[in-house]
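# Structural features, examined
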Amino acid sequence: MKKVFMLIILSIIPFQVCQGYSKIEIKYKIGDEIVTNLDILDERKYLIFLRPSLKDLKEKELSKIAENSIIREIIKKKELNQIFKDVENSDFIEVIKKNLFKFKKVKNESEFKDLLNKANIDYDKIILKMKYEAMWNELIFQKYSSFIKIDKKTLSEELKTKISKNKKYEYNLSEILFELESNENLEEKYKKILIYANNNSFKNAAAKFSISNSSIKGGEIGWIKETLLSEVLVKILVKMKKNDISKYIKYPNGYLLLKINDRREMKQIIDINRELNEMSNFEKNRQLNQFSMLFYKKLKQNITINEY
């Protein structure tokens, strides 16, 4: 009787698998890699896990954000897999884990896995995603660090001017860095982003429109001292109030919008040497981010993306 029962169970399995696969639809082909509707659903879960506010978006908008996220990831992975032959680095992975735990405000791996289980997200997959993103940053550094130009003399002169002010501030900022398509008008695109941010949130607008790496955090940059910012940006920010969104600012990779989440006066005594080092590092990271976006754009232009 047991043998008969097992045969019945086995005969059902192929039918169930076929039923499941009948629901799968091909959405994109990126080079030789296929993206299905199930991949997009998984990506949506992953993005909502990182940015819970995304769940308030309309289904169509959330799916489009997930599609763009998958496309970016696949294009980057293709390049990374050609360059890095051995990606298994335990120290590297441990750093990624610690950053994830901190971001999700959990104490350890066990608590983090509990969060993932509730969200129905695979632990190994999210670690792999983070690992590829960290590897991308490493690639950009290796490829472009020699092209970085830091004029410490100019930075030093700027710093002296900034610290001479009676009051100095630091800002909690968020950003949207957007591009224009060939058929888009700058003013219309700007108004479109503002309307979307007002109707939804700046975080969701960053997820939808921003090409910056900060889009994964809803555009959040965090606290930045005005001594690290260019005079152009400081002059714009000083005229803005909390929760204001700036006019678009021309940038090498597009147009930048800044939002002030909070502002506070700097009280600490400024150490010139330390501040100069911070300015140098800030400028270096800014240039690396620009190289990152330009390199990704070049890779995207050289790969065939078919939408179905």
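First things first, this report covers the structure right here in the doc. (Residues numbered from 1 in each chain as written. Predicted model: local features only at pLDDT ≥ 70, side-chain atom pairs only at ≥ 80, totals over all residues. Heavy atoms only, no water.)

### Quick word on the overall build of the chain
Regarding its fold elements, the chain presents 11 helices and 7 strands. Projected onto the principal axes, the alpha-carbon positions of the chain cover approximately 90 × 45 × 35 Å. For the chain, the proportion of its 308 residues judged to be buried stands at 40%. Here the contacts in the chain between residues at least 6 apart in sequence split such that 74% fall between residues at least 24 apart. When the accessible surface of the chain is summed, it comes to about 19100 Å², and 52% of that surface belongs to carbon and sulfur atoms. Here the chain carries 60 positive and 44 negative side-chain charges, and the mean point of each set is 2 Å from the other. (Helix = DSSP H or I, 4+ residues; strand = E, 2+ residues; numbered from the N terminus. Buried < 20%, exposed > 50% of the residue type's maximum accessible area, 1.4 Å probe, protein only. Contact = heavy atoms within 4.5 Å. Areas by Shrake-Rupley, 256 points an atom, 1.4 Å probe, with all protein chains shown as cover. Lys, Arg positive; Asp, Glu negative; His and termini not counted. Charge placed at Lys NZ, Arg CZ, Asp CG, Glu CD.)

### Considering the nonpolar core
I30, F112, W136, I176 and F178 are the most contacted members of the largest nonpolar core, which has 58 residues in total. Considering each element in turn, this core owes the most residues, 10 residues, to helix α6 (residues 123-144). The contact partners of I176, leaving out residues within four places of it in the chain, are I193, F202, A205, A206, F209, S210, Y255, L256 and L257. Ranked by size, the runner-up nonpolar core spans 19 residues in total, among them L155, L159, I224 and L229. (Core = buried A, V, L, I, M, F, W, Y, C linked by side-chain atoms within 4.5 Å.)

### Quick look at unusual backbone geometry
Positive phi values are uncommon outside glycine, yet K105 reaches one of about 60°. Among the structural elements, K105 can be located in the loop between α4 (90-103) and α5 (109-119). Taking the relative accessible area as the measure of exposure, K105 reaches 77% and is therefore exposed. Of note, N120 is a non-glycine position whose phi angle comes to about 60°, a positive value.

### As for the side chain of K97
Here K97 lies in helix α4. If we ignore the near neighbours within four places in the chain, the residues touching K97 are E109, Y123 and I127.

### Some points on the sheet that holds strand β1 (residues 26-30)
Pairing in this open sheet of 3 strands is antiparallel, and the strands run β2-β1-β7 from one edge to the other. The strands lining the two open edges of the sheet, one partner per strand, are β2 (33-36) and β7 (305-307). The mean inter-strand angle of the sheet, taken between neighbouring strand axes irrespective of direction, is 20°. As paired elements, β1 and β7 share 3 bridges and run antiparallel to each other. (Pairing = 2+ DSSP bridges. Axes fitted to C-alpha atoms, helices over the stretch in contact; angles between N-to-C directions.)

### Comments concerning the pattern of salt bridges
Counted under the stated rule, the structure contains 19 salt bridges. Here K129 makes a salt bridge to E73, at a shortest N to O gap of 2.8 Å. In this pair, K129 is assigned in helix α6 and E73 in helix α3 (residues 59-83), connecting sequence segments 56 residues apart. Between E220 and K203 there is a salt bridge, and its shortest N-O distance comes to 3.0 Å. In this pair, E220 is assigned in strand β4 (residues 220-225) and K203 in helix α9 (residues 202-209), connecting sequence segments 17 residues apart. Sharing partners across several salt bridges, the network here consists of D42, K45 and K125. (Salt bridge = Lys/Arg side-chain N within 4 Å of Asp/Glu carboxyl O.)

### Side note on the side chain of K189
With respect to the helices and strands, K189 occurs in helix α8 (residues 186-199). Given a relative accessible area of 9%, K189 falls into the buried group.

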